[in-house]
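These are the residues of each chain, in order.
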Amino acid sequence: PEPEPEPEPEPSTSIKEEDSDAADDWEDDVADDWDAASSDSGGDRFSKLNDKLSALNADSDSGFSDEEEDEIHLEKKKEKERLRKLGLEREKREAEEKKKMDELRAQQEEEDLKELMKEKLRQEGKSRRLKKEQENEAARTRDNLRCPIIVIMGHVDTGKTKLLDNIRRTNVQEGEAGGITQQIGATYFEPKTLLTRCEKLNKTENLNLTLPGVLIIDTPGHESFTNLRSRGSNLCDLAILVVDLMHGLEQQTIESLNMLRSKGTPFVVALNKVDRCYNWKSTTNNDIRSSLKDQEAGTTQEFRSRADEAKLQLSQQGVNSNIYWEMGDDDWKSSDFVPLVPTSAITGEGVQDILLLLCRMAQEKLWRQLMWCGNLQATVLEVKAIDGMGMTVDIIVVNGTIREGDKVVMCTMDGPVVTEIRGLLTPPPSREMRIKSEYIHHKEIKGALGVKIIGNGFDKVMAGTPLMVVGPDDEEEDIKAEVMSDLKSVTENLSTDKNGVMVQASTLGALEALLQFLRVETKPPIPVSSVGIGTVFKKDVTRISIMKEKKGMEEFATILAFDVPVDKDAREAAEEAGVKIFTADIIYHLFDHFTRYMEEIAEKRRENAAAVAVFPSIVKILPQHIFNQKDPIIVGCEVFDGILKVGTPLCIPALGGLRIGNVVSIEANGKEQQTARKGASVAVKIVNESNPTITYGRQFDATKMMYSELSRASIDALKANFKDTLEPADWKLVVKLKKVFNII
């Protein structure tokens, strides 16, 4: 048979080009397999077939049969068909992949559009809300005031609680609680009660009371002050700072004073325990000026002396003050003078003075901020479980109105919670009533009042955070963002350190106050690596234990728990992991606990490092005071530079680093001591266990000075554990000795 013409190699080339494209464009595993298959088995097989066919053509005279040639062509045809099918499969896969990518792209575009629309609606809602808030602000009038919110602050044992109890007591002897309503978290005094309580004093003061009452926060102390926040601002209008007349300003009083001034909150100072003045004649519930008139000259003189001392202490803190009735109108209305009110929480003397003064300050000085506004201002005071009701939230409604059925948004560490108010409760006047059936239900509450709300999803709500209502014209997303803004601003400003302690506080306000104290007021500042609000749980212990386990920082494997409970499992986990948990309800007590612990750890580290750390010194031998030339060598020395300590290894660099030995004792004037500083003349005992034959006068003498034998490890130990012990001159000597001993 005639040999067939040699087939063109184009198919092989085109197939190889397809394979190359596949390798570039197709990244799927299946495609990779196909590429490999088409490249190896397809291309190679095709090439082999061509080679075989060429050989046949070249050797056509050799007698190959037609069957063999047909078989080769058939094989080639089958290979082409196989590759064609693979190509079709690839096209199909590419089409499917393209379709999938188009769907994903369309989905992403749809989501982006939704997010854009969501943000647009949120911004529109925010604009409507802000416009409405501005309208409500503009509608305020002096004729419609709200109750001022008052807190009582001061040092422990100054009589805060007793004074609060006395302020709350009216006609108790007659078994009445006339006009005093124990609201949730606060005591409400109606105007009639205030006028009755201050009746005698008001005959001379002639105050025309226009306030709808006064709301005094039940919890005495600065924690209640810090907890009352609303969208970044402080809710307390006035404060009573209680100062013990007998002891003057104390630590917590100064802390409270600084807190009040930082927030710009007006306050009066109650000079309490006036009845402790020698020979004081008490008149129950009398106004203080009348009581002072009844006292003998010596008693009045003692009172004046102690009051002047309190004024002096306040002035040292930058506070101008005066007895309130000796101040002119300009002093307390338009200046920064603080009124002082002498009181007795036991006898009630001066209590009517302080109540009337607070009302007067509220009406005449603070009326602009006390004008009632329709914008809801409410803050969470406490979250607690009540039998038969489940989790409830106690709130203070400062401004605006809250209604049963309102959709409210509250703040948690996991994000905003949206729920519906199922009930608004206040207890009846009798304080002891705590049973469910005895709560009074309300359809709506107008600020300023304390109220308990019932609903779902309250478990993780944080005390000290705001509560907002989603109105018919509001966008829920806008309200959510606004509610979380307080927490967001705190966490943004927090900028936790990489290494540091964990801080856990009861409320957002308390957390802010504690962080401010640890980072700004504490010298040196205490670094904080993580924060939390509420109970300390096992997971918190696990998180902070990393400081010890992985970073080797034992002092930072610590939780500072401010006014919060610690779970039982957390305590057990802390014991196992070696995590310290310090609890306190006063900020500076926490600081004291932690600094003591830090000092203990530092001391332990110094003890461990003592064997490695070598203090820098240059010692000059006094040749006239050689007490023993052989081991142990005892010689008189002068510390030429640095600090010579017991345990210091001494050598003489000028003699090729000759090792003299270790200082085992230092004596001056017949007394042993651990150290000798520059300029001191002492007797030292030196022992050289590795070379006991070393002798003064043979290997060395007084012509060459002895140096502390420093190393890189000893310098590092000094830096880590004895940084504060060494003075700048000592560190300069370290630098000098590094060059002597060629330490890098």
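Located above this text is the structure these notes cover.
So, how was this worked out
- Residues numbered from 1 in each chain as written.
- Predicted model: local features only at pLDDT ≥ 70, side-chain atom pairs only at ≥ 80, totals over all residues.
- Heavy atoms only, no water.
- Patch = residues over 30% accessible without salt bridge, like charges linked within 9 Å, V, L, I, M, F, W, Y side chains within 5 Å.
- Areas by Shrake-Rupley, 256 points an atom, 1.4 Å probe, with all protein chains shown as cover.
- Salt bridge = Lys/Arg side-chain N within 4 Å of Asp/Glu carboxyl O.
- Helix = DSSP H or I, 4+ residues; strand = E, 2+ residues; numbered from the N terminus.
- Core = buried A, V, L, I, M, F, W, Y, C linked by side-chain atoms within 4.5 Å.
- Buried < 20%, exposed > 50% of the residue type's maximum accessible area, 1.4 Å probe, protein only.
- Contact = heavy atoms within 4.5 Å.
- Pairing = 2+ DSSP bridges.
- Axes fitted to C-alpha atoms, helices over the stretch in contact; angles between N-to-C directions.
- Lys, Arg positive; Asp, Glu negative; His and termini not counted.
- Charge placed at Lys NZ, Arg CZ, Asp CG, Glu CD.
- Parallel < 35°, antiparallel > 145°, perpendicular 65-115°, else oblique.
- Left-handed = near helix turned anticlockwise from the far one by under 90°.
- Nonpolar A, V, L, I, M, F, W, Y, C, P; charged D, E, K, R; others polar.

Here we take up a nonpolar patch on the surface. A surface patch of nonpolar side chains, amounting to about 320 Å² of accessible area, comprises Leu113, Leu116 and Met117. Residue position: Met117 is located in helix H3 (residues 66–138).

Now for the nonpolar core. Grouped together as the largest cluster of nonpolar side chains are 58 residues, with contacts concentrated most on Ile395 and Ile402. With five residues, the top contributor of residues to this core is strand E12 (residues 390–399). Setting aside residues up to four positions removed in sequence, Ile402 forms contacts with Leu376, Ile395, Val397, Val408, Ile421, Leu424, Lys443, Glu444, Ile445, Leu467 and Val469. Counting residues in hydrophobic clusters, the runner-up holds 52 residues, among them Met468, Ile533, Val579 and Ile581.

With that settled, consider the sheet that holds strand E22 (residues 528–533). Taking strand neighbours across the sheet as the criterion, the four strands line up as E22-E21-E23-E24 in an open arrangement whose pairing is parallel. Because the sheet does not close on itself, it has two edges, and the strands there are E22 and strand E24 (580–584). For this sheet, the mean inter-axis angle between neighbouring strands, taken without regard to orientation, is 20 degrees. Pairing between strand E21 (residues 501–505) and strand E23 (residues 558–562): four bridges, direction parallel.

Pairing in this open sheet of eight strands is antiparallel, and the strands run E15-E14-E20-E11-E12-E19-E16-E17 from one edge to the other. Each edge of the sheet is formed by a strand with only one pairing partner; in this case those strands are strand E15 (415–420) and strand E17 (440–442). If you compare each strand with its neighbour and ignore which way they point, the axes differ by 40 degrees on average. Where E12 and strand E19 (residues 449–454) come together, six bridges link them in antiparallel fashion. By the bridge assignment, Val393 is partnered in E19 with Ile453.

In this section: a negative patch on the surface. Together, Asp66, Glu67, Glu68, Asp70, Glu71 and Glu75 line one region of the surface with negative charge. Along the chain, Glu71 turns up in helix H3.

Neither face of strand E3 (residues 186–189) is exposed, since Ala186 and Tyr188 on one face and Thr187 and Phe189 on the opposite face are all buried. Across four bridges, the pairing between E3 and strand E4 (residues 214–217) is antiparallel. Pairing of Phe189 across the sheet is with Val214, part of E4.

Moving on: the packing of helix H15 (residues 508–521) against helix H19 (residues 587–609). Orientation of H15 relative to H19, taken along the N-to-C sense of each, is 45 degrees, at an axis distance of 10 Å. Considering the angle they form, H15 stands oblique to H19. As for the relative orientation of H15 and H19, their crossing is right-handed in sense. Counting all contacts with H15, which are made through Ala513, Leu514 and Phe517, the residues of H19 involved are Ile587, Tyr588, Leu590 and Phe591. Residue classes in the contact of H15 with H19 are distributed as seven nonpolar, no polar and no charged.

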